[in-house]
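These are the residues of each chain, in order.
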Amino acid sequence: MKLSRRALLASGAAALLVSRPAWASNVRYLSSAATLTGRYAVVAVGEDGKIQFDLDLAARGHGLALRPGSNEAVCFGRRPGSFALVIDTSAGDAVMEIPAAGSRHFSGHGLFVQGGDLLLATENDESKHQGAIGIYDARSGYKRIGAFPTFGIGPHDVALLPDGKTLVIANGGIDKRHDDVADRDLPDIRSDLVYVDWQAEKLLERVTLEPQFARLSIRHLILTAKGDVVAALQDSASVPDLDLPLGFLHGAGSAPRWVETPHGGWARLRGYCGEAAVDSSAGLIALSSPRGNCIGLWDETGAAIETLAIHDGCGLSATGRDGKMLVSSGSGELFTVSRDAAQPSPLGANGEYRFDNHMVRI
């Protein structure tokens, strides 16, 4: 039986063999990772699975943001994160660490606006138990220059609509008080999707789920070429309801549209989606489930295409190649999936690093 990524870290399992695909190139991807010895890092990895650089992290990392017009990227600490690490992806060096402010902690994700001048990061105010977006000036050493509310609890992922001023925020509904404790099994965790004018700091729209889905936490977001929001969800209960849907599409001013039941049923995802990705060139949506050891594929209308088995697969990224999407796993392996392939195609693996939830192309 294969082990989970935590079990692998604890066990010191044998290293995986490295295989080099025929089409390996200089394209690189950035991901948080852990090693068999328990060290946390952010790494750049090639499509052959080989690590190109490795930077220590103070704790487990999570989401990543690329700064437009530069070689910089930011790796956010996993919620509740005490740091965000700024990286020079060209030199493979750490530039600086951004500490969490006061009673706040980073919530794992963020993005750049105004052409890369400002970094917006999801945060949680532990004293007020409210979500916030912290504003950091990338031109001035990432100085924190302000914040505004997410109008909800426990924000996680965030995306920017094409107008450059409207943020869509996944308020997961779970704050630090409800992490890994018995009272997390609440009938309604107050998760919602909100649209916010970040310049005016104004709530534009709030999207809540129907009562029968009130235990679901909206976690990760991605935009389609048409501007629809794809949302990936997780069942917040300690024992998930395997019949609940875990993905929907949303356009501003409309109701959520649940994607079709995946092949094999929602039970295959074990109540947990770890990432959402879109390949607009192929009209492809992917949702990963490391707990369900599978990747679900849909078209951009939400019609189910296929469900593919990948052990502990979670990180997803478009590759820019023939409708192929990259998948990284907690076993340190890389695969491609596509709408026309009946099985994932293995690319490469490494013997030391175990990729975490997210991966971005640099």
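Residues numbered from 1 in each chain as written. Predicted model: local features only at pLDDT ≥ 70, side-chain atom pairs only at ≥ 80, totals over all residues. Heavy atoms only, no water.

A.B. asks: Is there a simple way to think about the pattern of salt bridges in this case?
C.D. replies: Where side chains of opposite charge bring their charged atoms close, a pairing between them can arise. All told, the structure shown has 12 salt bridges when counted by the stated rule. Two residues, E72 and R67, come together in a salt bridge whose shortest N-O distance is 3.0 Å. Residue classification places R67 among the buried residues on the basis of a relative accessible area of 15%. The salt bridge partner of R139 is D137, with a shortest N-O separation of 3.0 Å. According to the relative accessible area criterion, R139 is exposed, its value standing at 51%. You can call D137 buried: its relative accessible area is 10%. Here the salt bridges share partners, and the residues they tie into one network are R39, D54 and D56. (Salt bridge = Lys/Arg side-chain N within 4 Å of Asp/Glu carboxyl O. Buried < 20%, exposed > 50% of the residue type's maximum accessible area, 1.4 Å probe, protein only.)

A.B. asks: I tried to follow the sheet that holds strand β10 (residues 130-137) on my own but got confused; where do I start?
C.D. replies: Within a beta sheet, neighbouring strands are joined by backbone hydrogen bonds and run either parallel or antiparallel to one another. If you walk across this open sheet you meet the 4 strands as β8-β9-β10-β11, and the pairing is antiparallel. In the strand order of this sheet, the two ends are held by β8 (104-113) and β11 (143-149), each with one partner. Along the sheet, successive strands turn relative to each other by an average axial angle of 25°, direction set aside. Bridge analysis of β10 against β11 gives 6 bridges, and the strand direction is antiparallel. (Pairing = 2+ DSSP bridges. Helix = DSSP H or I, 4+ residues; strand = E, 2+ residues; numbered from the N terminus. Axes fitted to C-alpha atoms, helices over the stretch in contact; angles between N-to-C directions.)

A.B. asks: Explain the pairing of strand β17 (residues 229-235) to me, please; I cannot follow it from the model alone.
C.D. replies: Looking down a regular strand, the side chains alternate between one sheet face and the other. Counting buried positions along β17 yields 7 of 7 residues, so the element is predominantly enclosed. Neither face of β17 is exposed, since V229, A231, L233 and D235 on one face and V230, A232 and Q234 on the opposite face are all buried. Two successive antiparallel strands, strand β16 (residues 216-223) and β17, enclose a turn made up of 5 residues, where G227 displays a positive phi of approximately 90°.

A.B. asks: So what exactly am I meant to see when it comes to the nonpolar core here?
C.D. replies: The tendency in soluble globular proteins is for nonpolar side chains to be buried as a group. In this structure, V168, L193, I218 and L221 are the most contacted members of the largest nonpolar core, which totals 32 residues. Among the secondary structure elements, those contributing two or more residues to this core are β13 (166-171), β14 (192-197), β16, β17, β18 (247-250), β20 (275-279), β21 (284-289) and β22 (294-299). Among the elements that take part in this core, β17 stands out by supplying 5 residues, more than any other. Excluding residues within four positions of it along the chain, V168 makes contact with D157, V158, A159, L161, L193, V194, Y195, L221 and V229. Core analysis: the second largest hydrophobic core is formed by 14 residues, A286, L297, L316 and V327 among them. (Core = buried A, V, L, I, M, F, W, Y, C linked by side-chain atoms within 4.5 Å. Contact = heavy atoms within 4.5 Å.)

Nothing here speaks to function; it is geometry throughout.
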